[in-house]
Structure formats: C-alpha cells, structure tokens
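As a plain string of letters, each chain reads:
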Amino acid sequence: MEQYNPQKIEKKWREKWIRDARWQVDIKGDKKPYYNLMMFPYPSAEGLHIGNLYAFVGSDIHGRYMRQKGYDVFEPIGFDAFGIHSENFALKKGIHPRELIKKSTDNFRRQLEYIGNIYSWDNIINTTDPEYYKWTQWIFLKFYEAGLAYKKEAPVQWCPSCKTVLANEQVISGRCERCDSVVESKNLNQWFLKITDYADRLLENLKNIDWSEHTKIAQRNWIGKSTGYRIKFPIFNSQFSIEIFTTRADTLFGATYIVLSPKHELISQLPITNKKEIETYINKSESKKQTKNNEKTGIELKGISAINPANKEEIPVWISDYVVAEYGTGAVMAVPAHDQRDFEFAKKYGLPSKQVICQNYPEKICPVLEKAYEGEGHLVGSEKFNGISSSEAREKIGKSVGGIPQVNYHLRDWLISRQRYWGPPIPIIYCDNCGTVPVAEKDLPVLLPYVENFQPTGTDKSPLAAVEEFVNVKCPKCAGRAKRETDVSDTFLDSSWYFLRYPSSGEKNIAWDKKITERWLPVDMYIGGQEHAVLHLMYARFITMFMRDQKLLNFEEPFKKFRAHGLLVKEGSKISKSKGNIVNPDELFEAFGADTLRTYLMFLSPLAEGGDWQDEGIRGVHRFLGRVWGLVQRQTTPYQDKSSTGQAGKQPASAEASAGRQETNSKQNLQKIKHQTIKKVTEDIERLHYNTAIAAMMAYVNALYENEHSPEDIETLLVLLAPFAPHITEELWERLGQKGSVHDAVWPEFDAKITKQEIITVPVQINGKLRAQIEVENNTEEGRLIKSALESERIKEILGDKKPKKTIAVKNKVVNLVI
C-alpha cells in the first residue's frame, strides 16, 4: 500500500493551484462576496516564523470554511514593507532597504505559497510600491484639505535607539513598543492627524461592532473618556490659582495637598522660596526617565499653599514625576484616602489623609484604611454633604465650588511624521512667499529617492534633508524657490487603509473603486493580533470614519467582525529570536509537510487563546493524517480479503444473519457518530475552536476504522478536514474518483434527529440527601450539571437565599450541594 508522502502531493497541488489561479475571485462579478482578511504582515528578512503561520492558517481555515458554505471568499495578501522594522534590519546588514525588501518579500511569498492558503495573488499589494503610496499621500492631503492634518511644535516622545519620534500609542510604560528603549521627551515640529475630533464616535461605535471584547476594552481605555469638573484652588495671598480636573468631586473635602507636574507653567511664576532645590529636582526627574526606576518622588514648593475651595483649608503644594503635563491640566488634587497612588505618596512623605467616603455609612462605622478606598459609598467629613451618596455628591459639590463641567480624553492626536528614510515622503512644500503648500494630486506620488546614505541622523531632520535635488523645488503656487517636507509618514498610516485597496489593487487612477468597494466592504471577518488593539485597529477605524464623512465611503466601521488570535509560546516564552526559541517552518515543511503543520498549529488550543508549541506534538498529528490516507488506500485497494470490514467469504445462514445484524448496528452507530462529528466540527469552526474540531475528526477516523463504512462516509471526512489539510484532502478526493475539487464540495449538513443526545435522569443531593432529580443529556459536563441543578425549581425553593458553599458533580451520576 502506497505510503503518505506529503512533500510529493503538496508540491503537485501547490503548483497546480498557483498555475490555475485557483483561489482568485471575480471581483466585479461574484454574486455572494465574503471578505476574509488577516492582519497586514511586514516581510521580515528572516522569513515567516511559526507564530506568523499560527495567525495566517487560523484565518485561512475560516475563509475555506465559508467558501465551502457557498460564499465567494476573497482572501488577499500583501506586504507592509515600509517602516522601521525593515529599515533597522537593512542598517544591521549593511544592505539598502530597497534591495533587502525585494529579497524579503520573495522569501515571504515562497513560504506563504507553501502553506496553501486561498490567497488571491492577483490582488497583492506592497506599501513600497509608488502605485500604493501615491494613495497614502493622497489620503494625507484629504486630511490636510479638511483641516485635520496640522504641524505644530509639541513635546513628543523620542526613541533614542530608533532615532525618531513615536506616537503615544507606540509607547508602552514609557518604552518604545518596538525596541523597548526608554523614550525621551523633546520639543519638535511634527505632523499630526486630529483623531481626537473622532473620539466620541470611536467610543460610541464600540457598542455595536462584533469584536473580541478584550479588544474593545483596550480601545475604550485608550480613548479614556472621563466626565468631571474643572476646579480652581487659589494660591494663598496670590493672584494665581491652580486648576485641576477631577472625576471625583465627591472627594473634594478629602483633598489634603496639590501635586503639579515638573513641567507645570506656574512653577516659574509662583513665589517659591526653595527655587534652586526645585530646579535640581526637575532636572533629576528628566534624567530619571532614562532609567527603569519607577519609584514616585516629589518635593514641596515652599513658601506657598493652596486653598481647598470646599472647606477653605490651606493645603501644601508639591511637584512630582507621577503627574504628567500633557494630560488633564498638569495638576491633581491629592486625596490619599481615596486614591491609591496618592495614598502611597502621602505615606512616603508623611502627608495627611482624610477619609470622606464611607462604604458602610448606615452603620456609621468607617474602618481605618490600610489602603485607599476607591469605591462608592456615603459622605463623611464633608460638612453639609454628609450622608448623601458619593454619586449624588459629585454634581452637588462640583457646582458648589464653582466647578466647570468638562469631558476629558486620554486619546491624543496621532503623530504621523518620522525622521527616517524608509517611508512615503509627506506631500508638503514650504514656500517663503506662500507658506505651507500641499503637493497637487496630479503630481503624486512624491517619489522616495534612492539615497545611499540612508542612516537616521538622530536629530529632527531625516536623511532626505541632505538630498538637495529632492529638497529644492518650485512652489506649486508662485513658482518661486521652495523646499519639500523631508519627514516621511509612519508605517501605521500605510496600514490604516490597505484593506480598502486590496479589491481595487489594479486601479491606476483612484485609490479604490466605489462600486467594487460597496460590493466587498466592510470586511466580513478580520483576524489579527491583540497587540494592535490601539495602534492599527484604532487608526483604521479613524481613517474609515473620515472617508465616510468625505463621502468617499458608504460605511464608517471597516470590519464587521474582528477576532484576536492568541500568542504562540514555546517553553513558556513568546517565540522570538531574543529568547532563542525560534521554530523554523521550512524545516517542518520538509519533515512533515504543510498539512501536518497547519493541523498541528490549530490543534494546540482555541485560536483566541494561543498555544504552547511542543516539538514532539506534531508527530501525533502527522500519524493522524497518515491514518486518513490509509482509509482511502483501503477503500481504493482492489478486493482481496475484507474480513476486517465484516465482508469475508460465504458463511452459514445463521452466521450470515448474525453478521447482518452486527453490520446494521455498526452502520447505525457510525451514522450517529458521523452526524455528531459534522455538528461538532461545524460549530467549533464557527467559534474558532479548531482544536476540538480536529479532536472530533480524530474520533471519527477511529470510528471509521472500527465500523462498516461506505465511500460516502470517507468523503464526509475529507470535506470536513479540507480547511485544515487542503493538499492531502484534494489528493484523496481525486483518488476516490470524485469529479472536481473537494474545496468546491458543499459543506455537509447534520441531521438533528440523529445527533439528538439520550436524555437521562441525574439525582440532586443537598448535604448528601436526595432532594430533586433533573433531566439532562447523556454525558453532560459537570459544570453544566451544577448549573442545571441550581436552576431546578425544587432546588431553588429549598435553597431560598442561601448559596452552596461547595458543589460536587459526577458526570451521569449525581450532583451534591453542600450548604
């Protein structure tokens, strides 16, 4: 019997599919469009790693499944090839990024072809192609025309390693999200897009989109909408006052000191008596940002005090590096009893604490606080407001001190300019007579010139500033001498609209075709990494909303459904070169084939949870595919001895009758297992629980070996397995003599009557005594058993308000509640 040889059959089908453009859709003609998208990959010079494959295959299985459900699935691919990742590798290797990217994308495409995804290769895009970044520049100009792109000098976050500024979203806990270097603060002239104008819409729409909940939570937190009051604390015996913003005006009577940011503008104006000490602290706080030291420090501004407007008490004023100048007003009222950060600072410096919110006020017992109480309650120590709820007190106290209602956001405008070489030039010209002049649309693209010395300068100038033939131009308005903008735009601008370009990738004169876009978008399913929850995903939503407002799109949310995939780890750590735990897929392709690798990756865990790679685990999946191969080999092998399937030679009449009954029972048993498998695999694919879908198919293969089966039973298996292992199923489909492709076969339907589970009765005990019985499906899991018992009317009647201290369930046997 011929052995399973994945390298041979995968090469055969891979070459045929590519030659025939097998997965290409008819963009203008398909009747049932379904846009299945995975996150835009940047082509690493080292090629695909196993973590990339985990995401790509997970997305492809969904697309293949929807294709078999009758949809015309568009699954495009491209390369996010501009940006720091590619440029830094080019610097490391001493190769120009233009040359490096060609090699990287060629290698990436080779590996992507190997895994067998249903990519529409005719629609491939590359952000370094002038035909692509022409439209990135056009998008910038649309923002500029609308007054939503502007340049200003502002304190920005500078990465000393990447030698460029970073958007706020690219800074994680004070560090560069790409290289983990501590960021510095600089004042630079930079280009911004006014994403803050869309803060409310970005927040409100989260209620109505079908996205992974933890992704929506991350966006809500980043937008950070907070409603409160702007309140003034007068400086004693001075014309000055310190303005703060608080969402908890109900705690105002508990404010025992004020804290300013070291950059607060009032520091230089106030009559402080220890100015030299303050100057020294401010300088130290700046240098502290260059270290990993996160300890909160501060110093009192001597010679001044502020007046708490609620109780007219004098309170000290401090500065501390835990207050950031760019957020709120750059000053906070410190309430140590009800804010943990303030509590820790007050404890360190011996500052007073006053409790004004009591959780159990009706009993008039307020416990001594060992940490800040940040929850709700009733007011104490707040004069005429004592006894009212904290939620009610916010408005009453806020108004009583003349506070101004205000809404604040954590979100800041999107900084898009970069002082690097490898990116699309920003299409702006500066003229002494005409000022800032946008490049005319007819003159796009502004081509990125080939620059031999592309190393970043480490200053506020990009390498392009040294290229005179690029910089010096005529003004589009007056034809006088002018200079080009030499910053390039951030790679996240490139990737914020790529999904709009894919269906219209062949269009030369427009960014996207209106009719094509209305046919295929918004994207039906988007699968990608949670790490881009507030980077790419926020920006893509912003761009789409803006284009809707410009009447260039008829929708404002780009992705109908988004699911975040989990992280693949090995030996407890994220798979990365720095960890020394890289898994090279090329070696696995050679040893086991793409189908085994695809199926094993999806067998590790539900897609959303990620998985732990085990080198030995892949062998078990390889054996499983070998057993599938063996089933078809047995089916197509010429008849010799079929005793293993109950079809041996002539038997006596009584034996024939007995064998017939066994055969009937075997077939009935297999039919039930088959329909249960169809149901299980269908439901699990739809919720991206690929691991349990594979487990169900493994059990079905066992059943096929153990029971009398027909060719149709094997065909069902191949159709179910096709999204996971496309090459072997295509080959076996052909060997079974089927016409056409397994990937065009209609997804099987299950018979609900056959799959219906047997209903059994399970006793429910309370403290060991029988109190009720519940009817459940056979083999109901323990958690569901307990839930059903607690939902029983008889049990609810007995328990009343009591809750079980302990619950014990044994599948099919008993539920015991301990009270």
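Within each chain, residue numbers correspond to sequence positions counted from 1 in written order. pLDDT decides what is reported in this predicted model: residues at 70 or higher carry local features, side-chain atom pairs at 80 or more are listed and counted, and totals for whole chains, interfaces and linings draw on all residues regardless. Side-chain measures were taken over the full set of non-hydrogen atoms in the model, leaving aside hydrogen atoms and water.

Caption draft 1: Here's a closer look at the sheet that holds strand E14 (residues 298–300). The 4 strands are arranged E14-E17-E13-E18 in an open sheet whose pairing can be described as mixed. The sheet is open, and its two borders are formed by E14 and strand E18 (331–334), each paired with just one other strand. The sheet shows a mean angle of 25° between the axes of neighbouring strands, direction not considered. One requirement defines pairing of two strands: DSSP has to find at least two bridges between them. Each helix is a run of H or I in the DSSP string that is no shorter than four residues. Each strand is a run of E no shorter than two, and both are numbered from the N terminus. Lines fitted to C-alpha atoms define the axes, with helix axes restricted to the stretch in contact, and inter-axis angles between N-to-C directions lie between 0 and 180 degrees.

Caption draft 2: The arrangement of the sheet that holds strand E33 (residues 611–613) in detail. Pairing is mixed across the open sheet formed by 3 strands, whose spatial order is E32-E31-E33. If you trace the sheet from one side to the other, it starts and ends with strand E32 (573–574) and E33, each paired once. Two strands pair when backbone bridges link them, and strand E31 (residues 568–570) and E33 are joined in this way by 3 bridges, in the parallel orientation. Looking across to E33, one finds that Leu568 is bridged to Gly611.

Caption draft 3: The packing of aromatic side chains, seen in detail. A pair of Phe, Tyr and Trp rings is counted when the ring centres sit within 6.5 Å of each other, with Trp represented by its six-membered ring. The angle between the planes then sorts it: under 30 degrees is stacked, over 60 is edge-to-face, the rest tilted. Counted under the stated rule, the structure contains 44 aromatic pairs. With 5.6 Å between their ring centres and 35° between their planes, Tyr4 and Trp629 make a pair best called tilted. Pair noted here: Tyr4 is in the segment before helix H1 (6–19) and Trp629 is in helix H18 (residues 617–636), with a separation of 625 residues, a long-range link. When accessible area is computed with a 1.4 Å probe and restricted to protein chains, residues below 20% of their type maximum are described as buried, those above 50% as exposed, and intermediate ones as partly exposed. You can call Trp629 buried: its relative accessible area is 3%. A centroid spacing of 5.4 Å and a plane angle of 55° characterise the contact between Tyr34 and Tyr71, whose relative ring orientation is tilted. With Tyr34 in strand E1 (residues 33–38) and Tyr71 in the loop between helix H2 (50–68) and strand E2 (72–74), the pair connects residues that are 37 residues apart, well separated along the chain.

Caption draft 4: Region of the structure containing the nonpolar core. Nine residue types can take part in a nonpolar core, namely buried Ala, Val, Leu, Ile, Met, Phe, Trp, Tyr and Cys, and a core is a set of them joined through side-chain atoms within 4.5 Å. Within the largest apolar cluster, 172 residues are counted, with the highest numbers of intra-cluster contacts made by Ile50, Leu112, Trp414, Phe499, Met602, Trp613 and Phe724. At 10 residues, helix H20 (residues 690–706) tops the list of elements feeding residues into this core. Contacts are assigned to residue pairs that have any heavy atoms within 4.5 Å of one another. Those residues in contact with Trp414 that lie beyond four places of it in its chain are Ala167, Trp191, Phe192, Leu193, Ile195, Asp490, Phe492, Leu493, Ser496, Tyr539, Phe542 and Ile543. Ile242, Ala249, Ile319 and Phe385 belong to the second largest nonpolar core, which has 39 residues in total.

Caption draft 5: Seen up close, the confidence of the model for the protein chain. Note on scores: pLDDT gives the predictor's confidence for each residue, bounded by 0 and 100. Within the protein chain, residue pLDDT values average 90, and 94% of them lie at 70 or more. pLDDT under 50 marks residues 638–655. Its contacts with residues more than four places away, or in other chains, come to 11 contacts.

Caption draft 6: Broad picture of the side chain of Ser120. Tracing the backbone through its elements, the reader meets Ser120 in the loop between helix H4 (97–115) and strand E4 (125–126). Two N or O atoms count as a polar contact when they lie within 3.5 Å, although within protein this holds only if one can serve as hydrogen donor and the other as acceptor, and sequence-adjacent residues are included solely when both atoms are side-chain atoms. Of the polar contacts made by the side chain of Ser120, one reaches the backbone oxygen of Trp23; its length is 3.5 Å. For Ser120, the residues in contact, after removing those within four places along its chain, are Trp23, Gln24, Val25, Phe74, Glu75 and Pro76.

Caption draft 7: Representation of unusual backbone geometry in the model. With an omega dihedral of 0°, the bond running from Leu444 to Pro445 counts as a cis peptide bond. Relative to the helices and strands, Pro445 resides in the loop between strand E25 (435–438) and helix H11 (468–471). In this chain, Leu521 is followed by Pro522 through a cis amide linkage whose omega measures 5°. The residue Pro522 is located in the loop between helix H14 (514–520) and strand E29 (525–529) in this model. Of note in the backbone geometry, Ala21 takes a positive phi value of approximately 50° without being a glycine. Following the sequence through the fold, Ala21 ends up in the loop between H1 and E1. Note on Ala21: relative accessible area 36%, which makes it partly exposed. If you check the backbone angles, Lys312 has positive phi at about 65° while not being a glycine. Examined against the element boundaries, Lys312 turns out to sit in the loop between strand E15 (306–307) and strand E16 (314–315).

Caption draft 8: Fine view of the side chain of Ser104. Topologically, Ser104 is positioned in helix H4. On the basis of relative accessibility, which here comes to 3%, the residue Ser104 falls in the buried class. Ignoring anything within four residues of it in the chain, the contact list for Ser104 reads Pro43, Ser44 and Ala45.

Caption draft 9: View of the pairing of strand E30 (residues 561–565). Pairing of strand E10 (residues 210–211) with E30, which is carried by 2 bridges, proceeds in the parallel orientation. In the strand pairing of E30, Trp211 is matched with Phe562. Note: E29 against E30, 4 bridges, orientation parallel. Bridge assignment links Ile527 to a residue of E30, and that residue is Arg563.

Caption draft 10: The pairing of strand E11 (residues 226–234), seen in detail. The pairing of E11 with strand E21 (residues 404–408) spans 5 bridges and is classified as antiparallel. Residue Tyr229 lies in a different strand from E21, and its bridge partner there is Pro405. In the sheet, E11 pairs with strand E12 (residues 241–246) via 6 bridges, with the strands oriented antiparallel. If you follow Arg230 over to E12, its bridge partner there is Phe245.

Caption draft 11: Fine view of the environment of Phe74. Mapped onto the secondary structure, Phe74 falls in strand E2. Taking the C-alpha atoms as reference points, Phe74 and Asn52, 22 residues apart in sequence, are found 20 Å from one another. Apart from residues no more than four positions distant in its own chain, Phe74 is found in contact with Val25, Ile27, Tyr34, Tyr35, Asn36, Ser120, Asn123, Tyr502, Pro503 and Trp520.

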